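# Residue-level structure breakdown
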Amino acid sequence: MALFKKNEQNAEFSVLPEHIGIIMDGNGRWAKKRGLPRTAGHKAGAEVFKKISKECARLEIKEVTFYAFSTENWKRPKEEVKAIMTLFHDYLIEAKNDMEASGNIIVKFIGERRGIAPELLKLMDDAERETSKRNGTLINVAVNYGGRQEIVAAVNRLFSLGKTEITEDDISRNIYTSPECDLIIRPSGEERLSNFLLWQAAYSEFWYSDVLWPDFSEKDLHNALSDFEKRNRRFGG
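A brief report on the enclosed structure follows.

Rules used throughout
- Residues numbered from 1 in each chain as written.
- Predicted model: local features only at pLDDT ≥ 70, side-chain atom pairs only at ≥ 80, totals over all residues.
- Heavy atoms only, no water.
- Helix = DSSP H or I, 4+ residues; strand = E, 2+ residues; numbered from the N terminus.
- Rg over C-alpha atoms; globule rule 2.2 N^0.38 Å.
- Buried < 20%, exposed > 50% of the residue type's maximum accessible area, 1.4 Å probe, protein only.
- Core = buried A, V, L, I, M, F, W, Y, C linked by side-chain atoms within 4.5 Å.
- Contact = heavy atoms within 4.5 Å.
- Pairing = 2+ DSSP bridges.
- Axes fitted to C-alpha atoms, helices over the stretch in contact; angles between N-to-C directions.

Below, the discussion takes up the overall build of the protein. Broken down by element type, the protein carries seven helices and eight strands. Taking 237 residues into account, the globule formula puts the C-alpha radius of gyration at 18 Å, and the protein, at 18 Å, falls close to it. Dimensions along the principal axes, computed over C-alpha positions, put the protein at roughly 50 × 45 × 35 Å. Across the 237 residues in the protein, those meeting the buried criterion constitute 47%.

On to the nonpolar core, then. Core analysis: the largest hydrophobic core is formed by 41 residues, its most contacted members being Ile22, Ile52, Phe66 and Ile185. Apart from the residues lying within four places of it in its own chain, the contact partners of Ile185 are Ile20, Gly21, Ile22, Ile23, Trp207, Phe216, Leu221 and Ala224.

The next subject is the sheet that holds strand S3 (residues 19–23). The strand order across the open sheet formed by six strands is S5-S6-S4-S3-S7-S8, and the pairing between neighbours is parallel. Single-partner strands in this sheet number two, and they are strand S5 (106–110) and strand S8 (205–208). Adjacent strand axes in the sheet meet at a mean angle of 20 degrees, parallel and antiparallel pairs treated alike. Pairing analysis gives seven bridges linking strand S4 (residues 63–70) to strand S6 (residues 138–145), with the strands arranged parallel. Along S6, the bridge assignment pairs Ser70 with Tyr145.

As structure tokens, this is what we get:
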């Protein structure tokens, strides 16, 4: 059971999830409501990602996985995809200059790396390397990620190691994140997984909100965590 009691220093919650998955949804609709280009929504959403990452670290959440760019997102208009990749690039440049100010956060990028520009891959590798020796909250950023792709990659990795019979434990040890996700948060009013953390979500609790991601605040995160505290988790029992 992936729960732990909070210490007295962070006593807002008696119980917290160890691993949270967050689907950052609603950037485009947020921009449209304001008569702005979709890219403005993605930029606003990136600022919220930084804010929520820091709050999760303050609360000492063990692991948080943010759904940033799916394998299906390549089907979006080329200009929008280019703008998102530019945003990733700019964020990583800023993060490189602001790595100490980010606290004790560990950064990891998960997903398929083929198709991502070499310059962006280098920045991703640099961020992972420069935060690897920290021991705080692990922030997984899912880029070019799909839950099905993740499972297929794990199986192919096992085949390459000579496995001829694969168990659930084998897959759990070879996916990108820890094998259980306790809580999945999806703002924007949609109520579906969208190919996110399919293996990890077997016994996840779900929390939905009509708030669009660029408007998502620390208070919304706290509301989700407060609701999680009240859930009776039986894990099929």
